[in-house]
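# Working through the structure, step by step
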Amino acid sequence: MKAPTLGRTLLYFFLKLQKRVAGRMIRFERQQQDSLFRWRVNILSAILVGGILFGSAAFVSALGLILRENTWGLAVVDGLGVLLCLVFLFVTQIPFKIRSTVSLISFFIIGAAVILSVGPLSGGPFWLFAFAVLSGVLIGHWAALGAVLLNTCFLGVIGYLIYSGRFGHAFPFFNTPQAMVAALVNFIVLNAITSVSVSALLNGLNESERQYRMIAENVDDVIWSTDLGLGFTYV
């Protein structure tokens, strides 16, 4: 019975902290009224809170590998990532666009650092994948395309250096260089499809909300909505 109770306690703490952080972000940028912005704030706050909780745990668990393999550069990047999450959580005067942009760039930097330290057969590509998808979620369509292009350039250079034997001699490798190229190409294609699809969906939802908002603001009736705490979210 202790494990489920501990799990529920941690989940309650996570959700409570995430909700409080999101509320502070929204209050700071009161000019933003659309629900898509509120969802983006909630997603970013969940990323920041999760980055502190799980990032700290991951850093501690990887400390033995860092000491054994002498990958202090990766340790510094991970530590700065956790510190950045702390700053964005508690400094409310930072605009949402700056928070989201810097957070996304940190995703790319961590992914690149992991690949440069451990190789492409690591968690680095997952960070790059999340970087592109979340760029579309938090910023928009063009950000997703730019992130996919940046991932393509970076992985292309890394793949060429490994393929030519100029880099990564100690990395765990694919069975053949051709298998590595095929894996990188498939990763980029899947990354592009997912990122662009998600950003296109959000753009469509944003356009639909603008149309309904225009209708609501030009009728004679009073329309309002509240949250679960009966606080007004729209009038």
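Use the structure listed above.
One structure accompanies this document, and this report is about it.

What counts and what doesn't
- Residues numbered from 1 in each chain as written.
- Predicted model: local features only at pLDDT ≥ 70, side-chain atom pairs only at ≥ 80, totals over all residues.
- Heavy atoms only, no water.
- Phe/Tyr/Trp six-rings, centres within 6.5 Å; stacked < 30°, edge-to-face > 60°.
- Helix = DSSP H or I, 4+ residues; strand = E, 2+ residues; numbered from the N terminus.
- Buried < 20%, exposed > 50% of the residue type's maximum accessible area, 1.4 Å probe, protein only.
- Core = buried A, V, L, I, M, F, W, Y, C linked by side-chain atoms within 4.5 Å.
- Contact = heavy atoms within 4.5 Å.
- Expected span 1.5 Å × (residues − 1).
- Axes fitted to C-alpha atoms, helices over the stretch in contact; angles between N-to-C directions.
- Parallel < 35°, antiparallel > 145°, perpendicular 65-115°, else oblique.
- Left-handed = near helix turned anticlockwise from the far one by under 90°.
- Nonpolar A, V, L, I, M, F, W, Y, C, P; charged D, E, K, R; others polar.

For the rest of this paragraph, the subject is the packing of aromatic side chains. With the rule as written, the count across this model stands at 5 aromatic pairs. Measuring from centroid to centroid gives 5.4 Å for Phe108 and Phe131, while their planes differ by 50 degrees, and the two rings are tilted. Highlighted residues: Phe108 in helix 5 (residues 96-118) and Phe131 in helix 6 (residues 124-138), separated in sequence by 23 residues. Phe108 gets classed as buried once you look at its relative accessible area, which sits at 14%. Three or more aromatic residues link up through ring pairs in this structure, and these residues are Phe108, Phe131 and Phe154.

Counting 36 residues, the largest nonpolar core has Leu128, Phe154 and Leu155 as the members making the most contacts within it. Broken down by secondary-structure element, the contributors of at least two residues to this core are helix 2 (35-61), helix 4 (72-90), helix 5, helix 6, helix 7 (141-163) and helix 8 (177-216). Considering each element in turn, this core owes the most residues, 7 residues, to helix 2. Discounting chain neighbours no more than four positions away, the residues touching Leu155 are Ile115, Leu128, Leu184, Phe187 and Ile188.

This paragraph deals with helix 6. Here helix 6 contains 15 residues, and its C-alpha end-to-end distance of 21 Å stays within 8% of the 21 Å for a straight helix at 1.5 Å per residue. The buried fraction of helix 6 amounts to 11 of the 15 residues, a majority that puts the element mostly inside the structure. Regarding helix 6, the residues found buried are Gly124, Pro125, Leu128, Phe131, Ala132, Val133, Leu134, Ser135, Gly136, Val137 and Leu138. Phi for Gly140, located one or two positions after helix 6, is positive at around 150 degrees.

For the rest of this paragraph, the subject is the side chain of Ser135. Residue placement: Ser135 occurs in helix 6. The contact partners of Ser135, leaving out residues within four places of it in the chain, are Leu104, Gly140, Ala143, Ala144 and Ala147.

All right, on to the packing of helix 6 against helix 8 then. Two elements in contact, helix 6 and helix 8, have axes whose closest approach is 7 Å; the angle formed by their N-to-C orientations is 25 degrees. As far as their axial angle goes, helix 8 and helix 6 are roughly parallel. Once helix 6 is placed against helix 8, the crossing between them reads as right-handed. Every residue of helix 8 that contacts helix 6 at Pro125, Leu128, Phe129, Ala132, Val133, Gly136 and Val137 is listed here: Phe187, Leu190, Asn191, Thr194, Ser195, Val198, Ser199 and Leu202. Here the residues of the contact of helix 6 with helix 8 are counted per class, giving 10 nonpolar, 5 polar and no charged.

Turning our attention to the packing of helix 6 against helix 7. Two elements in contact, helix 6 and helix 7, have axes whose closest approach is 7 Å; the angle formed by their N-to-C orientations is 160 degrees. When the interaxial angle is binned, helix 6 and helix 7 end up roughly antiparallel. The handedness of the crossing between helix 6 and helix 7 comes out as right-handed. Facing Leu128, Phe129, Phe131, Ala132, Ser135 and Gly136 of helix 6, the residues of helix 7 in contact are Ala143, Ala144, Ala147, Val148, Leu150, Asn151, Phe154 and Leu155.

The next thing to look at is the environment of Val222. Position of Val222 relative to the elements: it lies in the loop between helix 8 and strand 1 (225-226). A sequence separation of 13 residues divides Val222 from Val235, and the C-alpha atoms of the two residues are 7.3 Å apart.

It is worth spelling out helix 8 at this point. Look at helix 8: 58 Å from first C-alpha to last across 40 residues, which is about the 58 Å you get at 1.5 Å a residue. Of all the residues in helix 8, the buried ones are Met180, Leu184, Phe187, Ile188, Asn191, Ser195, Ser199, Leu202, Asn206, Glu209, Arg213 and Ala216.

Read these as layout, nothing more, since geometry by itself doesn't imply function.
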